[in-house]
Amino acid sequence: MEFTEVIKKRYSCKKYDGRQVEKEKIDSILEAGRLAPTAKNLQEQHIYVIQSDKLLTKIDEITPCRYGAPTVLVVAFDKNNVFTYPGGKRDSGVEDAAIVATHLTLAAANEGVDSCWLNFFDPDKAAEVLGLPENEEILMILDLGYAAEGAGPLENHNSRKPLSETVTYL
Ligand SMILES: Cc1cc2nc3c(=O)[nH]c(=O)nc-3n(C[C@H](O)[C@H](O)[C@H](O)COP(=O)(O)O)c2cc1C
């Protein structure tokens with residue numbers, strides 16, 4: 001698919017029909033995450049693929065936002081393997097994981113797979129429930145699946161500020 005078409009096609013899907021995403025498509029989505037750039041090429045991301053009823057039920061315990069997605073990707077990063085920027089106030093963990101997550105999200109759209117980026121959960125509780133190692137912090141959860149009949153972009157999908165409000169040429 002054309003890149004501009006992928007960007008336009010992606011929207012946050014909030015109702016899935018339960019059909020599982022094909023393995024080849026999951027592989028292709030994960031590969032797009034693998035190729036994402038990270039600070040100093042640290043690649044501190046760790047992605048968990050969740051498809052079992054047992055773990056999907058655990059996801060439902062920590063967020064109301066799975067919306068019936070049959071696959072969720074949990075994007076975490078290794079807190080002990082981040083690059084601290086000059087000034088010492090920020091490090092690469094959150095943004096590297098966010099870049100990976102963005103690649104995953106757009107790759108899903110490219111594969112015709114619907115998705116929704118989730119942050120409405122307590123990341124510490126999520127890490128505990130899923131039994132993640134101490135050194136890993138969860139950045140986000142990505143619902144993946146196919147939209148249920150009648151589901152589609154919400155009203156706000158087409159409501160974006162004009163560039164004049166968000167861009168300044170200095
Ligand atoms: C960082 C981030 C966190 C989000 N968290 C949630 C969430 O927890 N639950 C949810 O239903 N949607 C969530 N969304 C989806 C947004 O609500 C959605 O992207 C936004 O309303 C614009 O709609 P669109 O993605 O269809 O264009 C999140 C999106 C982003 C980028």
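Predicted model only: the values in this text are computed from it and were never measured.

Draft legend 1. Representation of the nonpolar core within the structure. Core analysis: the biggest nonpolar cluster contains 22 residues, and Ile 50, Ile 59, Val 72, Val 74, Leu 130, Ile 138 and Ile 141 have the highest contact counts within it. At the level of secondary structure, the elements contributing two or more residues to this core comprise α3 (53-62), β2 (71-78), β3 (114-118), α5 (123-130) and β4 (136-145). Membership of the second largest hydrophobic core comes to 20 residues, among which are Val 75, Val 100, Ala 108 and Leu 139.

Draft legend 2. The packing of aromatic side chains, seen in detail. Evaluated as defined, the whole model comprises one aromatic pair. Seen in terms of ring centroids, Phe 83 and Tyr 85 are 5.8 Å apart; in terms of plane orientation they differ by 70°. Their pairing is edge-to-face. Taking the relative accessible area as the measure of exposure, Phe 83 reaches 28% and is therefore partly exposed. Across from the ring centre of Tyr 146, 4.5 Å away, lies the NZ or CZ of Arg 19, which sits over that ring.

Draft legend 3. Spatial organisation of the pairing of β3. In terms of residue burial, β3 counts as a mostly covered element, since four of its five residues are buried. As paired strands, β3 and β4 are joined by five bridges and run antiparallel to one another. Residue pairing in the sheet places Ser 115 in a bridge with Leu 144 of β4.

Draft legend 4. Geometry of the packing of helix α2 (residues 23-34) against helix α4 (residues 93-110). Relative to each other, α2 and α4 sit at 145°, their axes nearing to 8 Å. Along this stretch, α2 crosses α4, giving a crossing that reads as right-handed. For the pair formed by α2 and α4, the contact residues are Ile 29, Leu 30, Ala 32 and Gly 33 on the first element and Val 100, His 103, Leu 104, Ala 107 and Ala 108 on the second.

Analysis parameters
- Residues numbered from 1 in each chain as written.
- Predicted model: local features only at pLDDT ≥ 70, side-chain atom pairs only at ≥ 80, totals over all residues.
- Heavy atoms only, no water.
- Core = buried A, V, L, I, M, F, W, Y, C linked by side-chain atoms within 4.5 Å.
- Buried < 20%, exposed > 50% of the residue type's maximum accessible area, 1.4 Å probe, protein only.
- Helix = DSSP H or I, 4+ residues; strand = E, 2+ residues; numbered from the N terminus.
- Phe/Tyr/Trp six-rings, centres within 6.5 Å; stacked < 30°, edge-to-face > 60°.
- Lys NZ or Arg CZ within 6 Å of the ring centre and 35° of its normal.
- Pairing = 2+ DSSP bridges.
- Axes fitted to C-alpha atoms, helices over the stretch in contact; angles between N-to-C directions.
- Left-handed = near helix turned anticlockwise from the far one by under 90°.
- Contact = heavy atoms within 4.5 Å.

Note that every value here comes from positions in space, so none of it alone points to a role or purpose.
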